[in-house]
Amino acid sequence: MNSLLVVLSSESAGLPDVLRQALGDAVDFSAIGRATLRTLFSQAEALGSREVVVFMPEPVPELLDALGAGGGVLPCPLSLVSGPLARDGHEKLAALGVHAWMPIESLDVHSLDALRSRARARWTRESVLRTELDALRTRFDERKWIDRAKGLLMSARGIGEDEAFGLLRGAAMHANLRLGEVSRSVVEASRWADAINRAGQLRMLSQRLVRLAAQALAGIDAKRARVLRTQSTERVQDNFVHLAALELDEAGAQGLGHARAAWNALEAALAARMSPQALAEIDARAEGLLLAAEALTGVLETSGARRALRIVNICGRQRMRVQRLAKDALLAATLSASASRERLAPIMDEFESALLELEQAPLSSPTSAPRWRRRATNGCGSCAGCARSTAPRDAPRWCAPAMRWSRPSTSSLRRTSTVCRSSCPDSAGSGQAATFSTCAWRVYRKSITALRACT
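The structure displayed is predicted, hence computed values, not measured ones.

Scoring rules and cut-offs
- Residues numbered from 1 in each chain as written.
- Predicted model: local features only at pLDDT ≥ 70, side-chain atom pairs only at ≥ 80, totals over all residues.
- Heavy atoms only, no water.
- Helix = DSSP H or I, 4+ residues; strand = E, 2+ residues; numbered from the N terminus.
- Buried < 20%, exposed > 50% of the residue type's maximum accessible area, 1.4 Å probe, protein only.
- Contact = heavy atoms within 4.5 Å.
- Areas by Shrake-Rupley, 256 points an atom, 1.4 Å probe, with all protein chains shown as cover.
- Core = buried A, V, L, I, M, F, W, Y, C linked by side-chain atoms within 4.5 Å.
- pLDDT = per-residue confidence, 0-100.
- Phe/Tyr/Trp six-rings, centres within 6.5 Å; stacked < 30°, edge-to-face > 60°.
- Lys NZ or Arg CZ within 6 Å of the ring centre and 35° of its normal.
- Axes fitted to C-alpha atoms, helices over the stretch in contact; angles between N-to-C directions.
- Parallel < 35°, antiparallel > 145°, perpendicular 65-115°, else oblique.
- Left-handed = near helix turned anticlockwise from the far one by under 90°.
- Salt bridge = Lys/Arg side-chain N within 4 Å of Asp/Glu carboxyl O.
- Pairing = 2+ DSSP bridges.
- Right-handed = clockwise from strand over helix to strand, strands pointing away.
- Expected span 1.5 Å × (residues − 1).
- Nonpolar A, V, L, I, M, F, W, Y, C, P; charged D, E, K, R; others polar.

How should I be thinking about the overall build of the protein in this particular structure?
Counting secondary structure elements, the protein contains 16 helices and five strands. Relative to its 455 residues, the protein shows a buried fraction of 44%. A sequence separation of at least 24 residues applies to 70% of the contacts in the protein between residues at least 6 apart. Within the structure as shown, the protein displays about 23,200 Å² of accessible surface, and the carbon and sulfur contribution to it stands at 53%.

Just checking my understanding: could you explain the nonpolar core for this structure?
Across soluble globular proteins, you tend to see nonpolar side chains buried next to one another. Of all hydrophobic cores here, the largest spans 38 residues; its most connected members are F240, L243, W263, L266, I282, L296 and L300. Broken down by element, the residue count for this core peaks at twelve residues, all from helix α7 (residues 179-218). If we skip the residues at most four places from it in the chain, I282 touches V210, A213, L266, A269, L270 and M274. L67, L78, L80 and V98 belong to the second largest nonpolar core, which has 19 residues in total.

Explain the confidence of the model for the protein to me, please; I cannot follow it from the model alone.
As a note on interpretation, predicted positions should not be read in detail where pLDDT is low. Of the residues in the protein, 76% reach a pLDDT of 70 or more, and the chain-wide mean stands at 77. Ranking the helices and strands of the protein by mean pLDDT puts helix α9 (residues 250-270) first, with 93, and helix α14 (residues 384-387) last, with 39. This model gives residues 364-413 a pLDDT under 50, and the stretch forms 67 contacts once residues within four places in sequence are excluded. A low-confidence stretch, residues 415-439 (pLDDT under 50), is modelled with 62 contacts involving residues beyond four sequence positions or located in other chains.

Explain the packing of aromatic side chains here, please?
The description of an aromatic ring pair rests on the distance of the ring centres and on the angle between the ring planes. Enumeration according to the criterion identifies zero aromatic pairs in this entry. Over the ring of W192 we find R191, and its NZ or CZ is 5.0 Å from the ring centre.

Help me understand the packing of helix α5 (residues 109-157) against helix α6 (residues 161-175), please; the structure alone is not making it clear to me.
Helices that pack against each other are described as a pair by the angle of their axes relative to one another and the distance between those axes. One can describe the packing of α5 onto α6 by two numbers: an axis separation of 9 Å at closest approach and a directional angle of 115°. In this view, α5 runs roughly perpendicular relative to α6, as classed from their interaxial angle. Crossing of α5 against α6: the hand is right-handed. Of the residues in α6, those in contact with I146, A149, K150, L153, M154 and R157 of α5 are E161, A164, F165, L167 and L168.

Help me understand unusual backbone geometry, please; the structure alone is not making it clear to me.
Peptide bonds are, in most cases, trans, and in most cases residues other than glycine have a negative phi. For N176, which is not glycine, the phi torsion reads 55° and is therefore positive. Following the sequence through the fold, N176 ends up in the loop between α6 and α7. What makes N176 exposed here is its relative accessible area of 69%.

Which parts of the structure should I look at to understand the pattern of salt bridges?
A side chain with one charge may pair with a side chain of the opposite charge, provided their charged atoms come close. What the rule picks out here adds up to 21 salt bridges. The shortest N-O distance in the salt bridge between R130 and E126 comes to 3.8 Å. Here R130 and its partner E126 are both found in helix α5, four residues apart, which amounts to about one turn of the helix. You can call R130 partly exposed: its relative accessible area is 27%. Residue classification places E126 among the partly exposed positions, given a relative accessible area of 33%. What emerges from the salt-bridge pattern is a single network uniting D283, E287, R324, K327, D328 and R343.

Help me understand the pairing of strand β5 (residues 100-103) in this model?
Each regular strand shows side chains that alternate between the opposite faces of the sheet. Side chains A100 and M102 project from β5 onto a buried face, and the interleaved W101 and P103 project onto a face without burial. One ladder, built from four bridges, connects strand β4 (residues 78-82) with β5; its direction is parallel. Its bridge partner being in β5, V81 is matched across the sheet by M102. Regarding topology, helix α4 (residues 89-95) serves as the crossover connection from β4 to the parallel β5, and that connection is right-handed.

Looking at this model, I keep getting lost on the side chain of R203. Mind explaining?
In this structure, R203 sits in helix α7. Here R203 falls in the buried class, since its relative accessible area comes to 0%. When sequence neighbours within four positions are dropped, the list of residues in contact with R203 reads L290, A293, E294, T297, N313, G316, R317 and M320.

What should I look at first to understand the sheet that holds β4 in this one?
The strands making up a sheet associate through backbone hydrogen bonding, with each pair oriented either parallel or antiparallel. What the five strands build is an open sheet, ordered β2-β1-β3-β4-β5; its pairing is parallel. Since the sheet does not close on itself, it has two edges, and those belong to β2 (33-35) and β5, each with one partner. On average, adjacent strands in this sheet sit at an angle of 20° to one another, irrespective of strand direction. Examined bridge by bridge, strand β1 (residues 4-7) and β2 share three bridges and lie parallel to one another. Along β2, the bridge assignment pairs L5 with G33. The strands touched by helix α2 (residues 40-47) are β1, β2, β3 (51-56) and β4; relative to β1, the strand with the most contacts, the crossing angle is about 160°.

What exactly am I supposed to notice about the environment of L63 here?
Summarising the element assignment, L63 is placed in helix α3 (residues 61-68). Expressed as a C-alpha distance, the spacing of L63 and R38, which sit 25 residues apart in the sequence, is 9.0 Å. When sequence neighbours within four positions are dropped, the list of residues in contact with L63 reads L37, V54, L80 and L93.

How should I be thinking about helix α8 (residues 222-244) in this particular structure?
In an α-helix, one turn spans 3.6 residues, which is why side chains three or four residues apart end up on the same side. Helix length check: α8 (23 residues) gives 33 Å between terminal C-alpha atoms against 33 Å at 1.5 Å per residue, within 8%. Three or more residues of α8 are buried, namely A225, L228, S232, T233, R235, V236, N239, F240 and L243.

I tried to follow the packing of α5 against α7 on my own but got confused; where do I start?
At their nearest, the axes of α5 and α7 sit 8 Å apart, and the two run at 50° to each other. Classed by the angle they form, the pair α5 and α7 counts as oblique. Classified by chirality, the crossing of α7 by α5 is left-handed. In this structure, α5 uses D141, E142, W145, I146, R148, A149 and L152 to contact α7, whose residues at the interface are L179, G180, S183, R184, V186, V187 and S190. In terms of residue class, the contact of α5 with α7 is made up of seven nonpolar, three polar and four charged.

Spelled out as structure tokens, the structure:
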């Protein structure tokens, strides 16, 4: 390690005699590092220099350019010995990090020693102030993340500020991390979860739009279908606007572009006059959006690199499957589409497999799993069907509407659409969305099974 680095005008220049004399006989000249303006910072870092002395008989513009590369923050004290400076030269050099200056005419042993002492003192003082400033910035930054994390927890769990702060503090103590780091992780996880939720909604909305088109063609609740179609289209547009505002990597941006192109094709197909041929075209375009949105969601889940994001993705995929089952049932009944009929059983199996995975996954708290199993058996207790049930609270039961479906008909198709809406909430919360889906799924499967048997 060289404690002193001397910066000269050129690499070939030797150590000037006047500088050699000013350094004194006590200095080991063989241990002094040398550099030029171009190699100032690289040499200082490579040699581990603790002090820099720049010797420039004639100040040159390259000096300002070289110091500007450091952004005004130098790794060690820097002294400048040069000829006379311009009137504003002192201010420019001070702004670029020069700690002390003296004219070359006054150079001697005592003046150079005093110059280096002033530079060391000022650099030490600046380092202390810079450390204090960085600590304050860190505290303000952590406070920002803590406030945002508290707000997310308060909104998601319906708790007060003190309880939200207690959750963050407990997590920080358990993980042996700073409270600000845990809070930032919560906020970033929420951002990724929201992105995955919105990308996953594109999958669900692609199938919902086909279902609504099939309802309109079959004359099943056509007025409401038109309203929901307009709302669904607006949600797709809003989700694309939100996703475009995110700072996605190259893979994410490419996936978003493919999803946007698939939506443009579906939007054009939806604008055509409704007919069996137009419905088939809408279904084909919706499949393209479904595949593109599935790929985009997978990229976002990988980029987020958090296990909990998989839970969000699975719940979003469940919402899509509910819409897809309703769509396939309607297409099988209205267009006699064999492919749609053949997809019913595999999709039902996929839905139940995903429910099993959600049941085994650790959700928001240790009590989530027992509550999940209880609601899956007894009903959610939140939908109108469960509220009207006359079965005892602790007795295993399905939702009440299931008891009224005996054979498929036009009214069965209408009820299938109704259950589809109740089992596909807008909430992105894994526990709530999955609980509603579990409850309504038992109703839904009975109806779909009956529809498949008669088509």
